[in-house]
Amino acid sequence: MKYIQTEYSGPLNGTVHIPGAKNSSLALLAAACLADNIVTLEGIPHIDDVRLIADIGRDIGLKLTQAGGQVIIDPRWIHSSVIDPGKASSYRASYYFVGALLSKFGRVTIGLPGGDDFVSRPMDQHIKVFQALGAQVRIFKDYYEVEAAELRGADIYFDTITSGATMNAMMMAVLAKGRTQLHNAAVDPEVCDTARFLNQLGARIYGAGTDRIRIEGVPYLNGGFHTVIPDRLIAGAFLMAAGLNGGQITVKDVIPEHLGSCLAKLEEVGLHVECGENSITAYGSGLLKATRIRAGMYPSFATDLQQPMTALLLQAQGKSIVTDRVYPKRFAHVPQLRRLGAEIEIRQESAFIRGGLPLRGGWVHATDVRAGICMLMAGFTAEGSTCITGVEHIERGYEDVIGSFRSIGGKLSMRELDAQEISSRIHMQG
Ligand SMILES: CC(=O)N[C@H]1[C@@H](OP(=O)(O)OP(=O)(O)OC[C@H]2O[C@@H](n3ccc(=O)[nH]c3=O)[C@H](O)[C@@H]2O)O[C@H](CO)[C@@H](O)[C@@H]1O
Ligand SMILES: C=C(OP(=O)(O)O)C(=O)O
């Protein structure tokens, strides 16, 4: 079984090039199925979720080749819209295949979405979209089936702001007959990226980036070329790492505007931040102030950044509070951090962090990609060795976690031991 071992690393310094956004790429790769010709996507990251999509794609006849930094997708040979339930359930964004395949095939059979487990991740708003556009949905034990003889535009009022269902609705509506209007739509950069991509292929989507999106159905989409936006969540975590032990980190190939609320918080806690056109540098002074984080949908502080921020706040003297309004129970990293000596209490859906205490290494388990990054960062500040299991969760979202953190001075390595040996070491730690 693989695990990552980290050591106290002192100030982290250096430059990191940020790959394309996972959360955009997962949508764009599925959306490419809507085209009637070859699509080239630039900047798709080499991560496990993408490998899984490529595998699903190949099962249904999608021809996918990787050449340098580009993925070339030929959707003209898709012959099936029945997706292996096991594969679909191993990541979250498989539901985009429904939006992308239904108009062409009239029926999609697919496993229920998996992905990181934060207690509750409903998909009722996706179902609302499918039904509003004229589809019938049947849910079975481990898969569901969506069927529609014809898709017709509709007005959809989301009950809650969801980036996933907003992107799925855009995909489903581009080839539907007539006009679709999405009200209370998500305004995330990944929503805008997906709309830009589809428009590039000939779709008519207006208003992405506002809470009302209008889609005028078109009969078909062409092929085309698109560069995926940079991963703001990976960039945010690296910038936080600059504050851990008072270092200086530059992230390159980013869109600073996408990180507005994160950068404001970093300045609030005592980092100095400088933005260039496509780069951001964070300078840690070694002195951090406690703060209050309320994670929310874009442009609020991202839920995917509250875990690495927690690692940083453990270094800030005083009491910080983290509340996640998107996933109120997304605190699986907290009991793990306690194993390293952190004092964090969960009360009424908030984490109360007593910062400024020394951490000591130990065995911890990552249950999702961001929790894994949080522990890795905590490991750089802890005395002794920290060993992180659940590496597969980190690899869902990071293409070279060891190399990229090493390049800024992080002391970490990938190791392997048999599962029984690991469990006896964890047991010894208590
Ligand atoms: C693959 C992907 O892009 N994952 C991201 C995406 O997840 P995901 O697409 O699942 O998140 P959404 O933006 O859809 O969810 C936002 C909120 O809406 C709720 N909701 C969502 C769908 C639904 O049908 N019903 C419903 O109630 C969710 O429980 C959550 O409270 O956005 C999350 C919020 O920024 C990020 O943490 C994930 O990294
Ligand atoms: C929660 C995440 O991913 P997913 O939605 O794919 O589980 C994430 O990227 O932090």
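Residue numbering note: each chain is counted from 1, following its sequence as written. Working convention: letters from A go to chains and numbers from 1 go to ligands, in the order in which they are written. In keeping with the predicted nature of the model, local features appear solely for residues at pLDDT of at least 70, side-chain atom pairs appear and are counted solely at 80 or more, and the whole-chain, interface and lining totals rest on all residues.

- As recorded in an unreviewed UniProt entry, the protein goes by UDP-N-acetylglucosamine 1-carboxyvinyltransferase and comes from Paenibacillus oryzisoli.
- UniProt positions are given in the numbering used here, feature names are shortened, and annotations may be inferred rather than shown by experiment. The record held by UniProt for the protein lists under Sequence similarities (unreviewed entry) the comment "Belongs to the EPSP synthase family. MurA subfamily."
- According to its UniProt record, the protein has this under Pathway (unreviewed entry): "Cell wall biogenesis; peptidoglycan biosynthesis."

### Observations regarding the site of ligand 1
Then, in step 1: As used in this record, a residue near a molecule or strand is one whose C-beta atom, placed from the backbone, is within 6 Å of it. Of all residues adjacent to ligand 1, which total 20 residues, the nearest are N23, Q125, T162, S163 and G164.
Then, in step 2: Secondary structure elements with two or more residues in the shell around ligand 1: helix 1 (22-31), helix 5 (124-132) and helix 6 (163-174).
Then, in step 3: Ten residue types, Ala, Val, Leu, Ile, Met, Phe, Trp, Tyr, Cys and Pro, are classed as nonpolar, four, Asp, Glu, Lys and Arg, as charged, and the remainder, Gly among them, as polar. Split by residue class, the shell around ligand 1 holds eight nonpolar, eight polar and four charged.
Then, in step 4: Just so you know, the domain bounds were taken from an automatic or database domain assignment. Inspection of the shell around ligand 1 shows a minimum of three residues originating in each of domain 1 (2-19 + 230-429) and domain 2 (22-227). A run of H or I in DSSP counts as a helix once it spans at least four residues, and a run of E counts as a strand once it spans at least two, with each numbered from the N terminus.

### A few points about the UniProt feature "domain: Enolpyruvate transferase" (unreviewed entry) in the protein
Then, in step 1: The feature "domain: Enolpyruvate transferase" (unreviewed entry), as given by UniProt, occupies residues 9-401 in the numbering adopted here.
Then, in step 2: Taken as a whole, residues 9-401 contains 32% helix and 24% strand, while its terminal C-alpha atoms sit 15 Å from one another.

### Some details on unusual backbone geometry
Then, in step 1: The peptide bond linking Y298 to P299 adopts the cis configuration, its omega dihedral lying at 10°.
Then, in step 2: Among the secondary structure elements, P299 is positioned in the loop between strand 17 (292-295) and helix 10 (306-313).
Then, in step 3: Its identity as a non-glycine residue notwithstanding, D253 has a phi of 65°, on the positive side.
Then, in step 4: Mapping D253 onto the fold places it in the loop between strand 14 (248-252) and helix 9 (260-268).
Then, in step 5: Unlike most non-glycine residues, E349 shows phi in positive territory, near 60°.
Then, in step 6: Residue placement: E349 occurs in the loop between strand 19 (343-347) and strand 20 (350-355).

### Some details on the domain arrangement of the protein
Then, in step 1: Domains assigned within the protein are domain 1 (2-19 + 230-429) and domain 2 (22-227).
Then, in step 2: Relative to domain 2, the C-alpha centre of domain 1 lies at a distance of 30 Å.
Then, in step 3: Residue pairs qualify as contacts under a 7 Å threshold applied to their C-beta atoms, which are placed from the backbone. Listed by partner, the interface residues are 18 residues for domain 1 and 17 residues for domain 2.
Then, in step 4: Looking at the side of domain 1 that touches domain 2 residue by residue, the class counts come to six nonpolar, four polar and eight charged.

### Comments concerning the sheet that holds strand 18 (residues 318-324)
Then, in step 1: Strand pairing is assigned whenever DSSP detects at least two bridges linking the two strands. Spatially, four strands are ordered 17-18-20-19 in an open sheet, and the strand pairing comes out mixed. Every interior strand has two partners, whereas the edge strands, strand 17 and strand 19, have only one. Each strand axis lies, on average, 15° off the axis of its neighbour in the sheet, ignoring direction. A fitted line through C-alpha atoms serves as each axis, taken over the contacting stretch for helices, and the angle formed by two N-to-C directions is quoted from 0 to 180°.

### Topic: helix 5
In an α-helix, one turn spans 3.6 residues, which is why side chains three or four residues apart end up on the same side.
Then, in step 1: Within helix 5, the full set of buried residues consists of H126, V129, F130 and A132.
Then, in step 2: The inward-facing, buried residues of helix 5 abut helix 4 (96-105), strand 7 (136-139), strand 8 (143-147), strand 9 (155-157) and helix 6.
Then, in step 3: One or two steps after helix 5, the chain reaches G134, where phi turns positive at roughly 105°. Each residue is classified by how many other C-beta atoms fall within 10 Å of its C-beta atom, where C-beta atoms are placed from the backbone; a count of 20 or more means buried, 12 or fewer means exposed, and values in between mean partly exposed.

### Description of the nonpolar core
Proteins that are soluble and globular tend to have nonpolar side chains buried together.
Then, in step 1: Counting 142 residues, the largest nonpolar core has A31, Y96 and M170 as its most contacted members.
Then, in step 2: No other element matches helix 8 (residues 232-244), which puts 10 residues into this core.
Then, in step 3: Sequence-distant contacts of A31, defined by excluding residues within four places in its chain, comprise Y96, A100, M171, T194, F197 and L198. Each nonpolar core consists of buried Ala, Val, Leu, Ile, Met, Phe, Trp, Tyr and Cys residues. Their C-beta atoms, within 7 Å, join them into a set.

### A few points about the sheet that holds strand 7
Then, in step 1: Judged by pairing direction, the sheet is antiparallel, and its three strands sit side by side in the order 6-8-7 without closing on themselves. Looking at the sheet topology across the chains shown, the edges are occupied by strand 6 (107-111) and strand 7. Averaged over all adjacent pairs, the angle separating strand axes in this sheet is 15°, with direction ignored.
Then, in step 2: Where strand 7 meets strand 8, four bridges bridge the pair, whose relative direction is antiparallel. Paired with I139 across the two strands is Y144, which belongs to strand 8.
Then, in step 3: Together, strand 6 and strand 8 form the strand contacts of helix 4, whose direction differs from that of strand 6 by roughly 155°.

### What about the packing of helix 8 against helix 10?
Two packed helices can be described by the angle between their axes and the distance between those axes.
Then, in step 1: As a packed pair, helix 8 and helix 10 sit with axes 9 Å apart at the nearest point and diverge in direction by 5°. The angle between helix 8 and helix 10 falls in the class roughly parallel. Across from A237, M240, G243 and L244 in helix 8, the residues of helix 10 making contact are P308, M309 and L312.
Then, in step 2: Looking at the contact of helix 8 with helix 10, its residues break down into six nonpolar, one polar and no charged. To sort the angles, those under 35 degrees are grouped as roughly parallel, those over 145 as roughly antiparallel, those from 65 to 115 as roughly perpendicular, and the leftovers as oblique.

### Digging into the environment of M414
Then, in step 1: Structurally, the position occupied by M414 is in strand 23 (residues 412-416).
Then, in step 2: As for M414 and A203, which are separated by 211 residues in sequence, their C-alpha atoms are 44 Å apart.
Then, in step 3: Ignoring sequence-local partners within four residues, the contact set of M414 consists of K2, I4 and I402.

### Details of the environment of L412
Then, in step 1: Tracing the backbone through its elements, the reader meets L412 in strand 23.
Then, in step 2: When sequence neighbours within four positions are dropped, the list of residues in contact with L412 reads I4, Q5, T6, L376, I402, F405 and R406.

### A few points about the packing of helix 5 against helix 6
Then, in step 1: Between helix 5 and helix 6, whose axes approach to 9 Å, the crossing angle comes to 20°. Taken together, the axes of helix 5 and helix 6 are roughly parallel relative to one another. Seen along the crossing, helix 5 lies across helix 6 with a hand that is right-handed. Here Q125, H126 and V129 of helix 5 lie close against helix 6, whose contacting residues are G164, A165, N168, A169 and M172. By convention the crossing between two helices is left-handed if the near helix lies anticlockwise of the far one by an angle smaller than a right angle, and right-handed if it lies clockwise.

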